[in-house]
Amino acid sequence: MDKIIIAIDGYSSCGKSTLAKGMASRLGYIYIDSGAMYRAVALFFLRHNIRLDNAEQVRQAMDDITINFNPDNRAILNGEDVENEIRQMEVSNHVSPVSALPVVRRALVRQQQAMGQRKGIVMDGRDIGTVVFPHAELKIFLTADPEKRVQRRFEELKAKGMDSSLEEVRHNLSQRDHIDSSREDSPLRQAADAIVIDNTHMNRDEQLEYALELAYLAGAVVE
Ligand code: DC
């Protein structure tokens, strides 16, 4: 049975993970949240006071980090379930500069490519269609109105019992959008052959059904 690679890129809080998870579940594919891997690295750096301007310290830290996902898609850092911690504001505020470091990107991209070797994978992030899987059979670039994204992220954090103001969320998203799209190494870009989905006025189901149609057209087959 033919399996394909599906790459989903876009700005923070566009609903990439929701879509990727939904597609993976319907297609019987593996889902990988590449952002969680950058968040796990950022958490390790915070815990161990790794200075981003100390190349040797950063390189050594990358050698000490192993990231996996458990069957529920929870991020595991060196054997510890860090899924809740990596979603905290402190990590969100620290992750973009960490993810801009070429040493960090090289290590994680290598691991992500290995995860996709047997295809049958949906991965979401910022550089999946451009760098990690430039030959992915389907590339989706997700966008949504910025204020809608702020609202969605705010509601999501609130639902998880995390205490942050609308203003804090707005500031964090605009900072990350700026760093993620202006960094030198693999900035967030729409791949030339990506299909854009603007989900500002779509609900989850509409978005999922539309994206699945694209997957079938790209050669995916339901198991
Ligand atoms: O998707 P997210 O918001 O959880 O991602 C966290 C950060 O990681 C984001 O600000 C940018 C970075 N990132 C990246 O540089 N490349 C990826 N493929 C995924 C995330």
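Keep in mind that what you see is a predicted model, and the values were worked out from it rather than measured.

What counts, and where the lines are drawn
Residue positions are given per chain, counted from 1 along the sequence in the order it is written. With pLDDT at 70 or above as the cut-off, local features in this predicted model cover only qualifying residues; side-chain atom pairs require 80 or more to be listed or tallied, and sums for whole chains, interfaces and linings still use all residues. Side-chain figures throughout are based on the complete set of non-hydrogen atoms in the structure, without hydrogens or water. A strand pair is defined by DSSP finding two or more bridges across the two strands. Where helices and strands are cited, they refer to DSSP runs of H or I of at least four residues and of E of at least two residues respectively, numbered from the N terminus. Interaxial angle, 0 to 180 degrees, is taken between N-to-C directions of lines fitted to C-alpha atoms, where a helix line uses only the stretch in contact. Contact criterion: two residues are considered in contact whenever any of their non-hydrogen atoms come within 4.5 Å of each other. Helix span, as expected, comes to 1.5 Å for every residue beyond the first. Classification of residues uses two cut-offs on accessible area relative to the type maximum, computed with a 1.4 Å probe and protein chains only: under 20% is buried, over 50% is exposed, and between them is partly exposed. Throughout, the arc means that of the directions going from the helix axis to the C-beta atoms.

**Things to note about the sheet that holds strand β7 (residues 138–143)**
Alright, step 1. Spatially, 5 strands are ordered β2-β6-β1-β7-β8 in an open sheet, and the strand pairing comes out parallel. The sheet terminates laterally at β2 (30–33) and β8 (195–198), the two strands that pair on one side only. Taking each pair of neighbouring strands and ignoring which way they run, the sheet shows an average axis angle of 20°.
Alright, step 2. Note: strand β1 (residues 5–10) against β7, 5 bridges, orientation parallel. Residue pairing in the sheet places A7 in a bridge with K139 of β7.
Alright, step 3. Strands in contact with helix α1 (residues 16–27) are β1, β2, β6 (121–125) and β7; relative to β1, the strand with the most contacts, it is inclined by about 165°.
Alright, step 4. Against the sheet, helix α2 (residues 34–47) engages β2 and β6, with an angle of about 40° to β2.

**Observations concerning helix α9 (residues 204–217)**
Alright, step 1. Taking 1.5 Å per residue, 14 residues should reach 20 Å; α9 reaches 20 Å between its end C-alpha atoms and fits that length.
Alright, step 2. Along α9, the positions that sit buried rather than exposed are Q207, L208, A211, L212, L214 and A215. In a view along the axis of α9, the buried residues occupy a sector of 155°, so they form one face of it. Those residues of α9 that are exposed and angled more than 90 degrees off the buried face are D205 and L217.
Alright, step 3. The inward-facing, buried residues of α9 contact β1, α1, β7 and β8.

These values are about where atoms sit, not about what they do.
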